[in-house]
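# Remarks on the overall topology
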Amino acid sequence: MTQLGLPDDILACLFDLDGVVTKTAVVHAAAWKETFDAFLRERDGAHFRPFDATADYAEYVDGRPRADGVRTFLAARGIELPEGHPDDPPDAATVHGLGNRKNRLLLTKIRTEGVEPYEGTLRYIEAVRADGLRTAIVSSSANTVDVLRSIDAEHLFDVRIDGVVAAERGLPGKPHPDTFLAAARDLGVPAARAAVFEDALAGMDAGRSGRFGYVVGVDRVGRSDALYAHGADVVVTDLAELGGKQ
C-alpha cells in the first residue's frame, strides 16, 4: 500500500461528490423527505407513512440519478407514476415532475444554507494529485459544476462525469458502473487501476460491478457494515484516515 492508503498499482481516483467531497448528502435527504412527504400526504391523507431520511434515503435514492430515485422509492411503496418529460413543472404528478420538485427544493436549500466541503477530502485529493495520480468527480447530480465552484474545487479534477454528462452520453446511473467506467476511460486508465471513493450503497455496487482496483467506502452516518456488504475494500469515516499530507 502507498502512503495514500491505496494499492501500489492505482493510477487514478474517482470521487463521488455528495457525502464524499461536500456535506450536501444531508441537504439532499432533507429535500427528498420534504418532496416525498408532501406527495404521500396528498395521496394517502394525514395517516401517510413518511419518507425516512435515513433508511429510505440510503436504500432507494442515495447516489442514484434523480428520476431513478423517484422510481425506486415509489416502487418500494407500490406506487407507479407516468414518466412525464424532463421539463415537467414541479407540480406535475409524474416521475420527472416529482424529481424537479425535489431539485427546486435542493437548490433553495443550497442557496440559503450554503455548501460546505469535507476538508479532509480536499487535503487528500491535493495529496493524490501531488503524488501524480489523476482525479475525476463522478456524481449523479446535475448541479455538480455549481457546487464545485462554490467551494473553489473545480480545479482538483481532471475529468467530470455528472448528471449532465451522463444524460448527454446516455449513461445509466449508479448502481450501474457506467459513469465510473466513463471517468476511467476519459482519464486513460483501466478500471482495474482506478480507485472509487463513495458513501452511497449504490456507489459501492457500481464500484464492485465495474471491477475497479479499489473501492473506498466513506461512512458518514454509521453504516460501515452495509458499505462492506455492498463491495467496499475499506471503510473510513474521513479520507484523512487513508494518509497523504494532512
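Our subject in this report is the structure included herewith. (Residues numbered from 1 in each chain as written. Predicted model: local features only at pLDDT ≥ 70, side-chain atom pairs only at ≥ 80, totals over all residues. Heavy atoms only, no water.)

### Quick look at the overall build of the chain
The following threshold applies: Strands are runs of DSSP state E lasting at least 2 residues, helices are runs of H or I lasting at least 4, and numbering of each runs from the N terminus. Here the globule rule reads 2.2 Å times residues to the power 0.38, and the radius of gyration is calculated from C-alpha atoms. Relative accessibility under 20% of the residue-type maximum defines a buried residue, over 50% an exposed one, and the middle range a partly exposed one, all with a 1.4 Å probe and only protein chains included. Computed by Shrake-Rupley with a 1.4 Å probe, the accessible areas treat only the displayed protein chains as cover when residues are assessed. Asp and Glu count as negative and Lys and Arg as positive, but His and the ends of the chain are not part of the count. Note that the charge is assigned to NZ on lysines, CZ on arginines, CG on aspartates and CD on glutamates.
Counting its regular elements, the chain contains ten helices and six strands. For a compact globule of 246 residues, the expected C-alpha radius of gyration is about 18 Å, and the chain comes in at 18 Å, within 12% of that figure. Across its three principal axes, the chain shows a C-alpha extent of roughly 55 × 35 × 30 Å. The buried share of the chain, reckoned over its 246 residues, is 55%. Carbon and sulfur atoms make up 49% of the accessible area of the chain, which amounts to about 10,800 Å² in all. Taking the average location of the 28 positive side-chain charges in the chain and that of its 39 negative ones, the two points are 2 Å from each other.

### Focus: the packing of helix 3 (residues 66-76) against helix 4 (residues 95-113)
Which entries qualify depends on this criterion: Lines fitted to C-alpha atoms define the axes here, with helix axes fitted over just the stretch in contact, and angles between the N-to-C directions of these axes take values from 0 to 180 degrees. Orientation labels follow simple angle bins: below 35 degrees gives roughly parallel, above 145 gives roughly antiparallel, 65 to 115 gives roughly perpendicular, and whatever is left gives oblique. For any helix crossing, the convention is left-handed if the near helix is rotated counterclockwise from the far helix by under a right angle, and right-handed if that rotation is clockwise. The contact rule is simple, with two residues in contact once any of their heavy atoms fall within 4.5 Å. Only Asp, Glu, Lys and Arg are considered charged in this grouping, and only Ala, Val, Leu, Ile, Met, Phe, Trp, Tyr, Cys and Pro are considered nonpolar; every other residue, Gly among them, is considered polar.
Remark: helix 3 packs on helix 4, axes separated minimally by 9 Å, with the N-to-C direction vectors making an angle of 115 degrees. Between helix 3 and helix 4, the interaxial angle falls into the category roughly perpendicular. For the pair helix 3 and helix 4, the sense of crossing is right-handed. From helix 3, Arg66, Ala67, Val70, Arg71 and Leu74 reach across to helix 4, where they touch Val95, His96, Leu98, Gly99, Asn100 and Asn103. Here the residues of the contact of helix 3 with helix 4 are counted per class, giving five nonpolar, four polar and two charged.

### Description of the nonpolar core
Cut-off, in case you're wondering: In this description, a nonpolar core means a group of buried Ala, Val, Leu, Ile, Met, Phe, Trp, Tyr and Cys residues linked to one another through side-chain atoms lying within 4.5 Å.
Ranked by internal contacts, the top residues of the largest apolar core, which has 35 residues, are Leu6, Phe15, Val21, Tyr124, Phe197 and Leu239. The set of elements that each furnish at least two residues to this core consists of strand 1 (12-15), helix 1 (25-44), helix 4, helix 5 (119-130), helix 6 (144-150), strand 4 (194-198), strand 5 (214-218) and strand 6 (234-236). Broken down by element, the residue count for this core peaks at five residues, all from helix 5. With residues up to four places along the chain from it excluded, the contact list for Phe15 reads Val20, Val21, Tyr124, Ile125, Thr135, Ala136, Ile137, Val138, Phe157, Phe197 and Leu239. The next biggest cluster of nonpolar side chains, apart from the first, holds 20 residues, and it includes Val159, Ala182, Ala191 and Val196.

### Quick look at the packing of aromatic side chains
To be explicit about the condition: Aromatic pairing here means that ring centres of Phe, Tyr or Trp (its six-membered ring) are within 6.5 Å. Orientation follows from the plane angle: under 30 degrees is stacked, over 60 is edge-to-face, and everything else is tilted. Throughout this description, the term charge over a ring refers to an Arg CZ or Lys NZ atom that lies within 6 Å of the ring centre and within 35 degrees of the ring normal.
By the definition in use, this model includes nine aromatic pairs. An angle of 10 degrees between the planes, with centres 5.1 Å apart, marks the rings of Trp32 and Phe36 as stacked. Residue Trp32 and its partner Phe36 are located together in helix 1, separated by four residues, close to a single helical turn. Trp32 sits in the buried class, given a relative accessible area of 3%. Through pairs of rings, three or more aromatic residues link up here, namely Trp32, Phe36, Phe51, Tyr60 and Phe73. The positively charged end of Arg220 is found above the aromatic ring belonging to Tyr118, 3.4 Å away from the centroid.

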